[in-house]
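# An overview of the molecular structure
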Amino acid sequence: MRYFYAALALILLVTFGSGTAKAQSVMFEYYATLSPRDTYSSQGVPFDDVCAIVQQDRANVHRFGNPDGDEPDSFFTTPERRAMIAGKCDYDRAHHTAERIRSQNIGFVLVRVYGSGGQISRVQIFEAAG
């Protein structure tokens, strides 16, 4: 019987967790054009990572005069906040590639940012009509 209660406690712990995790929610979203100019760093080095392209897009908006006329956001205004994008992108890897963005086969996207307390947990990228 003791093993039964131990197993039940373990199942409940795994199923419901410890209860300390905060729920992630949509912090904000914006529309952007991922253009060939977003696929290169400020020093002209090409990016092969879609997260880095999204990060450069926000730098182009907030630091370099918004050459694509993208929708500004109020969060990615500093290099430290833009750095939070790295490694947190969720997107269709068959569609969103550096090569397609560089060749202008991808343009308008919806970017939805999840997290809480000013910390980003996930950045989703969707195709958008525009």
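A brief look at the structure comes next. (Residues numbered from 1 in each chain as written. Predicted model: local features only at pLDDT ≥ 70, side-chain atom pairs only at ≥ 80, totals over all residues. Heavy atoms only, no water.)

## Comments concerning unusual backbone geometry
Short version of the rule: Each helix is a run of DSSP H or I of at least 4 residues and each strand a run of E of at least 2, with the numbering of both proceeding from the N terminus. Exposure classes here rest on a 1.4 Å probe applied to the protein chains alone. A residue is buried below 20% of its type maximum, exposed above 50%, and partly exposed in between.
The phi angle at Asn66 is positive, at roughly 55°, despite the residue not being glycine. Here Asn66 is to be found in the loop between helix H2 (50–62) and helix H3 (79–83). Look at Asn66 and you get partly exposed, because its relative accessible area is 21%.

## Quick word on the pairing of strand S3 (residues 108–116)
Basically, it comes down to this: Pairing between strands is defined by DSSP: at least two bridges between them are needed.
Sheet topology note: the strand S1 (residues 25–33)/S3 ladder contains 8 bridges and is antiparallel. The partner of Thr33 across the bridge, within S3, is Phe108. As judged from the 8 bridges shared by S3 and strand S4 (residues 119–127), these two strands associate in the antiparallel manner. Across the sheet, residue Gly115 finds its bridge partner in S4, namely Ile120. The hairpin formed by S3 and S4 contains 2 residues between the paired strands, and Gly117 there has a positive phi angle of roughly 60°.

## What about the sheet that holds S1?
Pairing is mixed across the open sheet formed by 4 strands, whose spatial order is S1-S3-S4-S2. Taken across any chain shown, the strands that pair with only one partner, and hence form the sheet edges, are S1 and strand S2 (89–90). The pairing of S2 with S4 spans 2 bridges and is parallel. Among the inter-strand pairings, Asp90 is bridged to a residue of S4, identified as Gln124.

## Notes on H2
Note the following rule: Multiplying 1.5 Å by the residue count of a helix minus one yields the expected span of that helix. Note on contacts: a residue pair is in contact if any heavy atoms of the two residues lie within 4.5 Å.
In this model H2 runs 19 Å from its N-terminal to its C-terminal C-alpha over 13 residues, within 8% of the 18 Å that 1.5 Å per residue would give. Within H2, 11 of the 13 residues are buried, leaving the element largely enclosed by the surrounding structure. Listed in full, the buried residues belonging to H2 are Val50, Cys51, Ala52, Ile53, Val54, Gln56, Asp57, Arg58, Ala59, Asn60 and Val61. Contact partners of the buried residues in H2: S1, H3, S2, helix H4 (98–102) and S4.

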